[in-house]
Amino acid sequence: GGILDEILKRLATQVEQEASMRKKIKSAMTYPVVILSFTVIAFFGIMIFVIPKIGKIMLDLGGPDAELPVYTQAMLSISSFMQQYAIFIIIGLFAAIWLIRRYIKTPGGKYKFHALLLRIPIIKDLITKIAVARFSRTFASLMSAGVGVLDALEVTGGAIGNKVIEAELAEAAKQVKNGRPLSEPISQSPHFPPIVSQMLAVGEETGQIDTILLKVADFYEEEVSTVIDALTSIIEPIMIIVLGSIVGLIAASVMGPIANLSKNVTNN
């Protein structure tokens, strides 16, 4: 296109924006992943090493015929099962994780995984905004460089990061090849907000698709930043509530029956 310097500047800007988004997403996910990992490890430790000893104390206090609440019996049964088959459970978990990751790397598995992500309420909103921002900035950069619409759609689809939306862009490219403006198939997509097709239509009429889509990209990149900040602020209290619920359930399952059995022993 004879504007290599301008294209490289836009490429640098896009790479910086992508790096910034990835950094924020990783930062938001670090806390829940670490807490969840420690929770799983602690749960296994409690169920395998702690609960069996407490169960023995209950039997010593109340005898083999002691009546325990249903949830306490369930906790002891789970603990007994995990104690006997802990190694098989751990191997099974690692094998399941490995098989799932391997399946996701296949074309069909990746498509189904991306489709699943687009059904999860909060994650769907975040992924959609990221995809729209990537589409807008990449497509605008290619169009400003003089790349044809069909070639630009093919390259942009690969840069979206979601196979479902990439397939929608491939279908849109077929309709553009048949003579329809790009704004029409984009307006029929369930994942592109109406504003994107409306701005595309304006750009097609004025011949300034690249300029308009850059503004759309700026807007949705700001939206992504806002969503990530909001998620970061609510993840911590949610994790605290979840951990508190687990601790409370274990405490209620164990301490309550022990207190009752101790009272019975004292009264007797």
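In this report, we go over the structure that sits alongside the text.

Cut-offs applied
Residues numbered from 1 in each chain as written. Predicted model: local features only at pLDDT ≥ 70, side-chain atom pairs only at ≥ 80, totals over all residues. Heavy atoms only, no water. Helix = DSSP H or I, 4+ residues; strand = E, 2+ residues; numbered from the N terminus. Rg over C-alpha atoms; globule rule 2.2 N^0.38 Å. Buried < 20%, exposed > 50% of the residue type's maximum accessible area, 1.4 Å probe, protein only. Contact = heavy atoms within 4.5 Å. Polar contact = N/O pair within 3.5 Å; in protein donor to acceptor, adjacent residues only side chain to side chain. Expected span 1.5 Å × (residues − 1). Arc of directions from axis to C-beta. Axes fitted to C-alpha atoms, helices over the stretch in contact; angles between N-to-C directions. Parallel < 35°, antiparallel > 145°, perpendicular 65-115°, else oblique. Nonpolar A, V, L, I, M, F, W, Y, C, P; charged D, E, K, R; others polar. Salt bridge = Lys/Arg side-chain N within 4 Å of Asp/Glu carboxyl O.

### Structural notes on the overall build of the protein chain
Next up, step 1: Counting its secondary structure elements, the protein chain contains nine helices and zero strands.
Next up, step 2: Going residue by residue from the N terminus, the α and β elements of the protein chain occur as α-α-α-α-α-α-α-α-α.
Next up, step 3: Computed over its C-alpha atoms, the radius of gyration of the protein chain comes to 27 Å, more than 25% above the 18 Å expected for a compact globule of 268 residues.
Next up, step 4: Counting only C-alpha atoms, the protein chain reaches 95 × 35 × 30 Å along its principal axes.
Next up, step 5: Split into buried and exposed, the 268 residues of the protein chain put 34% on the buried side.
Next up, step 6: In the protein chain, once contacts between residues fewer than 6 apart in sequence are set aside, the share between residues at least 24 apart is 68%.

### Some thoughts on the side chain of Q175
Next up, step 1: As for its position among the elements, Q175 is in helix α6 (residues 163-177).
Next up, step 2: The class for Q175 is buried, based on a relative accessible area of 14%.
Next up, step 3: Side-chain polar atoms of Q175 contact the side chain of R180, separated by 2.2 Å.

### Quick word on the environment of K129
Next up, step 1: Take K129: it is sitting in helix α4 (residues 121-144).
Next up, step 2: Judged by its relative accessible area of 13%, K129 is buried.
Next up, step 3: Each C-alpha atom of the pair K129 and T206 lies 25 Å from the other, and the pair is 77 residues apart in sequence.
Next up, step 4: Non-local contacts of K129, meaning those with residues more than four positions away in its chain, are made with Y220, E223, V224 and V227.

### Things to note about the side chain of S144
Next up, step 1: By the secondary structure assignment, S144 is in helix α4.
Next up, step 2: Within polar-contact distance, the side chain of S144 engages the backbone oxygen of S141 at 2.8 Å.
Next up, step 3: When residues no more than four places from it in sequence are discounted, the contact partners of S144 are I3, I7, R10 and D210.

### Quick look at helix α5 (residues 149-160)
Next up, step 1: Over its twelve residues, α5 runs 16 Å from end to end, which matches the ideal 16 Å to within 8%, given 1.5 Å per residue.
Next up, step 2: All of the buried residues in α5 are A152, L153, T156, G157 and I160. One face of α5 carries all of its buried residues, which in axial projection span an arc of 135°. Relative to its buried face, α5 has exposed residues pointing more than 90 degrees away, namely E154 and G158.
Next up, step 3: Check the buried side of α5 and you find it contacts α4 and α6.
Next up, step 4: Taken from the residues just after α5, G161 is the one with a positive phi, measuring 90°.

### Topic: the packing of α5 against α6
Each packed pair of helices is defined by two parameters, the angle between the axes and the distance between the axes.
Next up, step 1: Here α5 crosses α6 at 175°, and the two axes come no closer than 8 Å. Classified by the angle between their axes, α5 and α6 sit roughly antiparallel to one another. On α6, the residues that touch V149, L150, L153, T156, G157, G158 and I160 of α5 are I165, E166, L169, A173, V176 and K177.
Next up, step 2: Partitioned by chemical class, the residues of the contact of α5 with α6 number eight nonpolar, three polar and two charged.

### Quick notes on the pattern of salt bridges
Next up, step 1: For the coordinates displayed, the defined rule picks out six salt bridges.
Next up, step 2: Note that K163 and E166 form a salt bridge whose closest N and O atoms lie 3.4 Å from each other. Taken as a pair, K163 and E166 lie in helix α6 at a separation of three residues, close to a single helical turn.
Next up, step 3: A relative accessible area of 26% means that E166 is categorised as partly exposed.
Next up, step 4: Across the pair E184 and R180 runs a salt bridge whose closest N-O atoms are separated by 2.9 Å.
Next up, step 5: Among the residues examined, E184 registers a relative accessible area of 34% and is labelled partly exposed.
Next up, step 6: Classification of R180 by relative accessible area gives partly exposed; the value is 28%.
Next up, step 7: Among the charged side chains, a salt-bridge network with shared partners connects D125, K129 and E223.

As far as function goes, none of this settles anything; it's purely spatial.
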